[in-house]
Amino acid sequence: MKTENIDGLTLFEINLLIQQGARFVMFPNMMSKSKNSTIYFVRPEEKTFKYAIKHFLKNVANCWHTIPFRPLYVSKSLFYLAIGGQNYTHAVLADLKTI
């Protein structure tokens, strides 16, 4: 699991930022077998759009090869763009505490 934007932060600082509204989000890659992509640490004052648009455009470009599932993949990717990604905060914190 690759996590971006936590360079130089301690577990205490990450917990403090999460209490202020930060979260870990992931934007799924609709065309890969594992459906996983990078998990981003989004600070309280940050917007997820700059991370989401990259994955949305990648999904739109890749899904044109699959004719019958095209509307499903595009709408699902647009859904995750609109809601700001899948929230993985509790799962990442559990992994960080075991390290």
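Residues numbered from 1 in each chain as written. Predicted model: local features only at pLDDT ≥ 70, side-chain atom pairs only at ≥ 80, totals over all residues. Heavy atoms only, no water.

(A) Examining the sheet that holds strand β3 (residues 39-42) more closely. Read across the open sheet, the 4 strands follow the order β1-β3-β2-β4; overall the sheet is mixed. Both outer strands of the open sheet, β1 (3-4) and β4 (86-87), are each paired with one neighbouring strand and no more. (Pairing = 2+ DSSP bridges. Helix = DSSP H or I, 4+ residues; strand = E, 2+ residues; numbered from the N terminus.)

(B) Geometry of the nonpolar core. Residues I6, I14, L17, I18, A22, F24, M26, I39, F41, V92 and L93 constitute the largest nonpolar core, which totals 11 residues. The set of elements that each furnish at least two residues to this core consists of α1 (11-19), β2 (23-26), β3 and α4 (89-98). Of all hydrophobic cores here, the second largest spans 9 residues; its members include Y40, V42, F56 and V60. (Core = buried A, V, L, I, M, F, W, Y, C linked by side-chain atoms within 4.5 Å. Buried < 20%, exposed > 50% of the residue type's maximum accessible area, 1.4 Å probe, protein only.)

(C) Focus on empty space enclosed by the protein. Counted according to the given criterion, the structure contains 1 cavity of 30 Å³ or more. Considering only enclosed or pocket space, the largest cavity measures out at about 40 Å³ in volume. Contributions of two or more residues to the lining of the largest cavity are made by α2 (49-63) and α3 (70-83). (1 Å grid on protein atoms, 1.4 Å probe; cavity = no way out; pocket = protein on both sides within 12 Å on 5 of 7 lines; lining within 4 Å. Points joined across faces, edges and corners; volume = space filled by probe spheres on them.)

(D) View of the side chain of H55. Within the secondary structure, H55 is located in helix α2. The class for H55 is buried, based on a relative accessible area of 5%. If near-sequence neighbours (up to four positions away) are discounted, H55 is found in contact with F27, S37, Y40 and S77. (Contact = heavy atoms within 4.5 Å.)

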